[in-house]
Amino acid sequence: MESPSYGGIIQKYRACLPVGKGTTVVSLLEGNTPLVCAPRLARWLELPEDALLLKIEGMNPTGSFKDRGMTVAVSKALEAGARGILCASTGNTAASAAAYAARAGLRCAVLLPEGGVAAGKLAAALMHGASVIALRGSFDAALALAQRVAQEDGWTLVNSVNPSRIQGQKTAAFEIIEALGRAPDFQFMPVGNAGNITAYWLGYREWHAALKKGLPKMMGVQAKGAAPLVLGRPVAHPKTVASAIRIGRPASWAAALKAKEESGGMIAAVSDAEILSAWRRLAREEGVFCEPASAAGVAGLIRFARGGGFHRMDASKRKALRIVCILTGHGLKDPDAPAALRFRRRTVDPDLRAVSSALNALK
Ligand code: AN7
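Residues numbered from 1 in each chain as written. Predicted model: local features only at pLDDT ≥ 70, side-chain atom pairs only at ≥ 80, totals over all residues. Heavy atoms only, no water.

Undergrad: Tell me what's going on with the domain arrangement of the protein, and back it up with residues and numbers.
TA: Here the protein is partitioned into domain 1 (9–63 + 165–340) and domain 2 (66–162). With 44 residues of domain 1 in contact, the opposing surface of domain 2 contributes 35 residues. Of the roughly 3100 Å² buried at the junction of domain 1 and domain 2 (both faces included), carbon and sulfur atoms supply 54%. Ranking the residues of domain 1 by area buried against domain 2 places Val-26, Arg-165 and Lys-333 at the top, with a combined share of 29%. Scanning the region where domain 1 abuts domain 2 turns up three salt bridges. Here Glu-291 ties to Lys-121 by a salt bridge, and the two come within 2.7 Å at their closest N and O atoms. Taken together, domain 1 and domain 2 are joined by 20 residue pairs in polar contact (both at pLDDT 80 or more). At four residues, the largest contribution of residues to the side of domain 1 that touches domain 2 is made by helix α7 (residues 163–169). The residue makeup of the side of domain 1 that touches domain 2, split by class, is 16 nonpolar, 17 polar and eleven charged. (Domains from an automatic or database assignment. Contact = heavy atoms within 4.5 Å. Buried area = accessible area lost by both parts, 1.4 Å probe. Salt bridge = Lys/Arg side-chain N within 4 Å of Asp/Glu carboxyl O. Polar contact = N/O pair within 3.5 Å; in protein donor to acceptor, adjacent residues only side chain to side chain. Helix = DSSP H or I, 4+ residues; strand = E, 2+ residues; numbered from the N terminus. Nonpolar A, V, L, I, M, F, W, Y, C, P; charged D, E, K, R; others polar.)

Undergrad: An account of the packing of helix α4 (residues 92–104) against helix α5 (residues 119–127) is needed here, citing residue identities and associated values.
TA: Running from N to C, α4 and α5 point in directions that differ by 25 degrees, and their axes come no closer than 8 Å. Taken together, the axes of α4 and α5 lie roughly parallel to each other. As for the relative orientation of α4 and α5, their crossing is left-handed in sense. Taking contact as the criterion, the partners of Asn-92, Ala-94, Ala-95 and Ala-98 in α4 are, on α5, Lys-121, Ala-124 and Ala-125. Split into classes, the residues belonging to the contact of α4 with α5 amount to five nonpolar, one polar and one charged. (Axes fitted to C-alpha atoms, helices over the stretch in contact; angles between N-to-C directions. Parallel < 35°, antiparallel > 145°, perpendicular 65-115°, else oblique. Left-handed = near helix turned anticlockwise from the far one by under 90°.)

Undergrad: Tell me what's going on with the packing of aromatic side chains, and back it up with residues and numbers.
TA: All told, the structure shown has eight aromatic pairs when counted by the stated rule. An aromatic cluster is present here, built from Phe-186, Phe-188, Phe-304 and Phe-310 joined pairwise through their rings. (Phe/Tyr/Trp six-rings, centres within 6.5 Å; stacked < 30°, edge-to-face > 60°.)

Undergrad: Could you give an account of the state of the cysteines, with specific residues and numbers?
TA: In the structure shown here, the tally under the stated rule is zero disulfides. The thiol of Cys-37 is not disulfide-bonded; the next cysteine sulfur, from Cys-325, is found 13 Å away. Under the relative-accessibility criterion, Cys-37 is labelled partly exposed at 42%. Unpaired in terms of disulfides, Cys-108 finds its nearest cysteine sulfur in Cys-87, a separation of 5.6 Å. (Disulfide = S-S within 2.5 Å. Buried < 20%, exposed > 50% of the residue type's maximum accessible area, 1.4 Å probe, protein only.)

Undergrad: Go over the pattern of salt bridges with me, naming the residues and quoting the values.
TA: The final tally for this structure, using the stated rule, is 13 salt bridges. Taking the shortest distance from any N to any O, the salt bridge between Arg-322 and Asp-50 comes out at 3.7 Å. Of this pair, Arg-322 sits in the loop between α14 (315–319) and β10 (323–327) while Asp-50 sits in the loop between α2 (39–44) and β2 (52–56), placing them 272 residues apart in sequence. For Arg-322, a relative accessible area of 21% translates into the label partly exposed. When the shortest N-O distance is used, the salt bridge between Glu-79 and Lys-76 registers 3.4 Å. Taken together, the residues Glu-79 and Lys-76, both in helix α3 (residues 66–79) and three residues apart, mark about one turn of the helix. Assessed through its relative accessible area of 39%, Glu-79 is described here as partly exposed. By relative accessible area, which is 25% here, Lys-76 ends up partly exposed. Through salt bridges with shared partners, one network takes in Lys-55, Glu-57, Arg-68 and Glu-175.

See the structure below:
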């Protein structure tokens, strides 16, 4: 059934995507996500109030940006008569693959780093009927194995090394351009396996090639304990509170560096403390609950702004400044993560005085 209004990213951007008349579109109406301003954060960073925008990719059907690429990858897999789809994942790719496979009537298998996947992501993969295999090893080991299984056993790999994934994901850049009427000046985003930064840069460049207008500086952000692109070498045992980007050997390594260099951007690392602080600030002051990995991009922005990164700009440019932060996944994906912030709460008897005194104590 065709949706009467918005029909997902393939319907909207068909002309720019590798789909044909023979492709049966597998969609959950992904994309069309909000671009929300963050005036308090902007003010705190001494930026113009309307300078800062959050692209809420957690509003996609399975709660992360992965759905944009997955609709294309699964539609193509179906068209090709695939036996099933397979991925390695820190969680969001698995949840997305499982949902789109369910919709397509395809089998789905996911290889996950044992103990390294947030509860909401694992729950989704299981609910959608995926075959879940926990691997005693890292995401990087899981991806290497998934690539071999795909080659030898004929599964279609739907990690972002699958070019259809990148094609679908690039549509987020088109949406940002449509919302702003131009590309932003800066885009901050978390980087794990580096598919997303590769896809955005592709989207922005395609638009630029057609219209010859400006391009954003691509500002990729990794967690300090999982920052191979900053260190210039793979990290054997990546560590960070942000489980989604606990990745030591990004598959799209070269493409991420290319995006950084061609755009005049940077790839930086932030500490777990900076990630948690940015994460809490977004939730408390802007009402936006993303997952910790998503807050890494915002932590990178905070570090850049406080280091005077926007000071060297002339006044008129500064006034029109547009900075977009990509919030890649929803906060509810990882309900255990807030424990790291040690919130206070009280348990009391159902009694008016007990509740009043608890309210006072929590002030
Ligand atoms: C919330 O699901 O790699 O740099 O297997 O879930 O394109 O890898 C997730 C990555 C950022 C990093 N934010 O994006 C997976 C997986 C969130 C994520 C990233 C991920 P890439």
